[in-house]
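Residue-level structure breakdown
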Amino acid sequence: MIAKLVAILQLTRLDLPVGSLLLMWPTITALWIVSEGIPPYDLLLLFIVGTVLMRSAGCVINDIADRNFDAHVKRTFKRPLADGRLSVWTALIVFAVLAALSLLVVLQLNLKTQLLAIAGFGIAVLYPFMKRVTMLPQLVLGLAFSWGIPMTSTATLDSWGFSPAIYLLFVANFCWIVVYDTIYAMVDRDDDIKLNLGSTAILAGHQVVVVVGGLMVLTLGIWLTMGIVLKLTVSFYVASLIIAVLFGYQWNELRKPDNRQGWFVAFKSNIWVGTALMIGTALGLAS
């Protein structure tokens, strides 16, 4: 029984909070912006719980879709569905429970946010299948992981009108996701090529360092533009400097050939990029 619970924990990635934090920090940043300061505690709690549940549900669907591929990939062959510790039926039950809990969270929000949540759920379910039909699955992940940003606006303001800052944050976040998921895809690139799966890491080929570097500059530039639009104080620009240093470190790791472990560590460092963005924005609004 304990072994099965551990396997379910691994299936939902609740033992690995990286993905939840990458989804959560920009969402909370957006909530801070639309609230023009400290957001309502009930909304803050709902979005924190909602991001964790939806990220876990997305991981379960991903593993169900990729179970036959994961067994042939160095990084994923020990996942619970790939190695047979859990059945597909068990995974579907776990997914249903997570989806039901997510629904309970969404029902606490207004109708506009509920409609956005339905669309976001569809994108999240679609994402794992994109690598079979396109070389650009990272673009779909960019939408899925940015979807909470407009949801914070509708939940707070109950309006389909989004501020320029929210548009800028959405676009920057989309670009940032393509950056870090391309670095993540580099870890599996050789295995993905053998399995005939697509990714931006494969599509970019020998130009991946240039492409990722360009997207990093674009991401940081849009974030800085957002800071100017919001008239954020120096705290935000200090955070932006920290982000620039982190991007520099990631880019340098990406330049090294056959650097799977280094690429993976560089990917995980994006937790601190999101942390700096959220804290810098919150302090920049408060000052």
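Scope of this entry: the structure provided in the associated data block. Computed from a prediction, not measured in an experiment: that's the story for all the values here.

Cut-offs used in this document
- Residues numbered from 1 in each chain as written.
- Predicted model: local features only at pLDDT ≥ 70, side-chain atom pairs only at ≥ 80, totals over all residues.
- Heavy atoms only, no water.
- Helix = DSSP H or I, 4+ residues; strand = E, 2+ residues; numbered from the N terminus.
- Contact = heavy atoms within 4.5 Å.
- Axes fitted to C-alpha atoms, helices over the stretch in contact; angles between N-to-C directions.
- Parallel < 35°, antiparallel > 145°, perpendicular 65-115°, else oblique.
- Left-handed = near helix turned anticlockwise from the far one by under 90°.
- Nonpolar A, V, L, I, M, F, W, Y, C, P; charged D, E, K, R; others polar.
- 1 Å grid on protein atoms, 1.4 Å probe; cavity = no way out; pocket = protein on both sides within 12 Å on 5 of 7 lines; lining within 4 Å.
- Points joined across faces, edges and corners; volume = space filled by probe spheres on them.

**Description of the side chain of Thr-29**
Examined against the element boundaries, Thr-29 turns out to sit in helix H2 (residues 18-35). Not counting the four nearest positions on each side in its chain, Thr-29 is found in contact with Leu-169, Leu-277, Met-278 and Thr-281.

**Focus: the packing of helix H5 (residues 111-130) against helix H6 (residues 137-146)**
In the contact formed by H5 and H6, the axes pass within 9 Å of each other and the chain directions differ by 165 degrees. Classified by the interaxial angle, the pair formed by H5 and H6 is roughly antiparallel. Every pair of crossing elements has a handedness; the one defined by H5 and H6 is left-handed. Two secondary-structure elements touch here, H5 through Ile-123, Ala-124, Tyr-127 and Met-130 and H6 through Pro-137, Val-140, Leu-141, Leu-143 and Ala-144. Across the contact of H5 with H6, the residue classes break down as nine nonpolar, no polar and no charged.

**Section: the side chain of Asp-191**
Mapped onto the elements of the fold, Asp-191 is located in helix H8 (residues 164-194). Excluding anything up to four places from it in sequence, Asp-191 contacts His-72, Val-73, Lys-74 and Arg-260.

**Examining the layout of surface pockets**
Taken as a whole, the second largest pocket encloses approximately 250 Å³ of empty space. Around the second largest pocket, the lining comprises 15 residues; the ones closest to its centre are Met-186, Arg-189, Pro-257, Asp-258 and Trp-263. For the lining of the second largest pocket, the elements supplying multiple residues, two or more each, are H8, helix H10 (208-230) and helix H12 (260-268). Looking at the lining of the second largest pocket, the element that brings in the most residues is H8, giving four residues. Each residue belonging to the lining of the second largest pocket can be placed in one class, and the counts come to seven nonpolar, two polar and six charged.

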